[in-house]
Amino acid sequence: MRERIYFDQAATSWPKPEAVYQAVDRYQRTVGASAGRGAYAEAQQAERLVEAARRSVARLLKIEDARRIVFTLNGTDSLNLALHGVLSTGGHVITTLAEHNSVLRPLKTLEVAGRVTVSRVGLGPSGLVDPEDIRRAMTGETRLIVMTHASNVTGALQPAAEVGRLARQAGALFLLDAAQTLGEVPMDVEQLGVDLLAAPGHKGLLGPLGTGVLYLRPGVEQQVASLRQGGTGSRSDQDWQPELLPDKFESGNLNVPGIAGLGAGADWLLERGVDLVRQHGLALLGRLWARLGEIGGITVFGPTDLQQRVPLVSLTLAGIDPQELAAVLDSSYRIQGRAGLHCAPLMHRHLGTLQRGGTLRLSLGPMNTLEQVEQVAEALDDIARQLR
Ligand SMILES: Cc1ncc(COP(=O)(O)O)c(C=O)c1O
């Protein structure tokens, strides 16, 4: 059987660094205790694993106080906490057509319930948001701007710092969905003007599934309601939710094996340097871009300036549905991409790809190689020739 070539890194990263597997295994076999709840050695060890992971994620975001990082179940969970938590008191929200359903659906739920009003700003031809459109959408009631840092369909990197500045000027909160950028693009939350940043732990951070993070800028936690209340291992004598971070938002036992793996993934990134990961991603993307341009019948969506992208491409090939193309790539070449709408229906409507069943997405990560990129280009070339 051919070796598996995995180009679905935007869904979840694979393979993980060896240290991630080891950290999960070590926790499961030798620690096996709740974090923050017991005084015996293994319980304290579990607590140390969680706090070390928190510090590593904080370093990736260039923040001093690791307590501002809350662990969650995935990117969706982080976004739900931020959206429902901030909007529990209502208000006007600005978002964009580039968003994932993990933003669109919570907002629609709140909108249908009459709790918020939502403005959805359009995109330019290459899928980029114009900050001026966001400025124009602002009202005196605007409480939150929520935007994806990079589209999971086109890979377009949005002008987050400019939007962050606008939010600050208007006194609105800025929630950045960094699902496709954290671990992939160097990040500085201060520079981006971010109040809240939501990200999965299992994509660019290279941790296991079932992990996510939410960053809250100092003071913002007071504007976010806790969605789940319960045991935190702290202030157990009181029957109301503690206000201190991260406990306010971390009720119940944490996914310690997952977080141990996430910490190892974050450490791998810190050691390698996210700027090197970015360079590698751009090198792979550059090669893929050039090779796709040589194949007749392929349309690639999103910005042509590769610096404005993360390393993923969405494409269509004339004469074949994206679903079928993905199936042929998998069955004949063992190349795994993902076809469909990628949980971003408004983006596909914008691109005109909704009716055709979306696009084929090939997403690359730090473990992919130039050789694998050559292989997918050759496979697509083969398929395109057979279609002619
Ligand atoms: C832009 C974007 N936001 C949010 C998410 C949700 O992340 P998760 O799958 O960890 O819930 C994804 C995942 O594909 C994404 O691409």
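Residues numbered from 1 in each chain as written. Predicted model: local features only at pLDDT ≥ 70, side-chain atom pairs only at ≥ 80, totals over all residues. Heavy atoms only, no water.

**Q** Explain the overall build of the chain to me, please; I cannot follow it from the model alone.
**A** Across its full length, the chain carries 12 helices and 13 strands. Taken against the 2.2 N^0.38 rule, which gives 21 Å for 388 residues, the C-alpha radius of gyration of the chain at 21 Å falls within 12% of a compact globule. Based on the C-alpha atoms only, the size of the chain along its principal axes is roughly 75 × 55 × 35 Å. Buried residues in the chain amount to 57% of all 388 residues. (Helix = DSSP H or I, 4+ residues; strand = E, 2+ residues; numbered from the N terminus. Rg over C-alpha atoms; globule rule 2.2 N^0.38 Å. Buried < 20%, exposed > 50% of the residue type's maximum accessible area, 1.4 Å probe, protein only.)

**Q** Sorry, what's going on with the domain arrangement of the chain here?
**A** Interface size is often expressed as the accessible area that is lost when the parts come together. Along its sequence, the chain is carved into domain 1 (18-272) and domain 2 (273-387). Here the C-alpha centre of domain 2 lies 28 Å away from the C-alpha centre of domain 1. Across the boundary between the two partners, domain 1 contributes 34 residues, which contact 32 residues of domain 2. Between domain 1 and domain 2, a total of about 2,600 Å² is buried, with carbon and sulfur atoms accounting for 67% of that surface. (Domains from an automatic or database assignment. Contact = heavy atoms within 4.5 Å. Buried area = accessible area lost by both parts, 1.4 Å probe.)

**Q** It is not clear to me how the sheet that holds strand β6 (residues 173-177) should be interpreted in this structure. Could you clarify?
**A** Two modes of strand pairing occur in sheets, parallel and antiparallel, and in both the strands are linked by backbone hydrogen bonds. Spatial strand order, β2-β8-β7-β6-β5-β3-β4: 7 strands in an open sheet with mixed pairing. In this open sheet, the two strands that pair with only one neighbour each are β2 (69-72) and β4 (116-121). Within the sheet, the average angular offset between the axes of one strand and its neighbour, ignoring direction, is 20°. Where β2 and strand β8 (residues 212-216) come together, 4 bridges link them in antiparallel fashion. Of the residues in β8, the one forming a bridge with Thr72 is Gly212. Together, β2 and β8 form the strand contacts of helix α2 (residues 41-60), whose direction differs from that of β2 by roughly 115°. (Pairing = 2+ DSSP bridges. Axes fitted to C-alpha atoms, helices over the stretch in contact; angles between N-to-C directions.)

**Q** Even after reading the chapter, I still don't get the sheet that holds strand β9 (residues 298-300), so can you show me in this structure?
**A** Strand order in this open sheet of 4 strands is β9-β10-β13-β12, and the pairing throughout is antiparallel. The open sheet has two edge strands, β9 and β12 (338-340), and neither has a second partner. Averaged over all neighbouring strand pairs, the angle between strand axes comes to 30°, with direction disregarded. The sheet contact formed by strand β10 (residues 312-317) and strand β13 (residues 359-363) spans 4 bridges and is antiparallel. Residue Leu315 lies in a different strand from β13, and its bridge partner there is Leu360. Docked against the sheet, helix α10 (residues 322-333) engages β10, β12 and β13, running at close to 45° with respect to β13. Lying over the sheet, helix α12 (residues 370-387) contacts β9, β10 and β13, oriented at roughly 10° with respect to β10.

**Q** Looking at this model, I keep getting lost on the site of the ligand. Mind explaining?
**A** In the vicinity of the ligand lie 15 residues, with Thr76, Asp177, Gln180, His202 and Lys203 positioned nearest. Between an oxygen atom of the ligand and a main-chain N or O atom of Gly75, the distance comes to 2.8 Å. Separating an oxygen atom of the ligand from a side-chain N or O atom of Gln180 is a distance of 2.7 Å. Here the ligand has 390 Å² of accessible area as a free molecule, and 90% of this is covered by the chains. (Near = heavy atom within 4 Å. Polar contact = N/O pair within 3.5 Å; in protein donor to acceptor, adjacent residues only side chain to side chain. Areas by Shrake-Rupley, 256 points an atom, 1.4 Å probe, with all protein chains shown as cover.)

**Q** How should I be thinking about the packing of aromatic side chains in this particular structure?
**A** For any pair of aromatic rings, the description rests on two quantities: the centre-to-centre distance and the angle between the ring planes. For the structure shown, the criterion picks out 1 aromatic pair. Ring centres of Tyr6 and Trp14 lie 5.9 Å apart, and the angle between their planes is 80°; this geometry places the pair in the edge-to-face category. A residue is classified by how much of its surface remains accessible, and Trp14, at 33% relative accessible area, is partly exposed. Positioned above the aromatic ring of Trp14 is the side chain of Arg4, whose terminal nitrogen or guanidinium carbon lies 4.0 Å from the ring centre. (Phe/Tyr/Trp six-rings, centres within 6.5 Å; stacked < 30°, edge-to-face > 60°. Lys NZ or Arg CZ within 6 Å of the ring centre and 35° of its normal.)

**Q** I would appreciate a short explanation of empty space enclosed by the protein in the present structure.
**A** Rolling a probe over the atoms, with the probe sized like a water molecule, indicates the empty space that remains. Here the structure, examined in full by the defined rule, presents 1 cavity of 30 Å³ or more. Reported here for the largest cavity is a volume of approximately 140 Å³. Around the largest cavity, the lining is made up of 18 residues, and of these Gln9, Ala10, Gln180, Glu184 and Leu364 lie nearest the centre. Its residues assigned to classes, the lining of the largest cavity shows 9 nonpolar, 7 polar and 2 charged. The residue makeup of the lining of the largest cavity includes at least three contributed by each of domain 1 (18-272) and domain 2 (273-387). (1 Å grid on protein atoms, 1.4 Å probe; cavity = no way out; pocket = protein on both sides within 12 Å on 5 of 7 lines; lining within 4 Å. Points joined across faces, edges and corners; volume = space filled by probe spheres on them. Nonpolar A, V, L, I, M, F, W, Y, C, P; charged D, E, K, R; others polar.)

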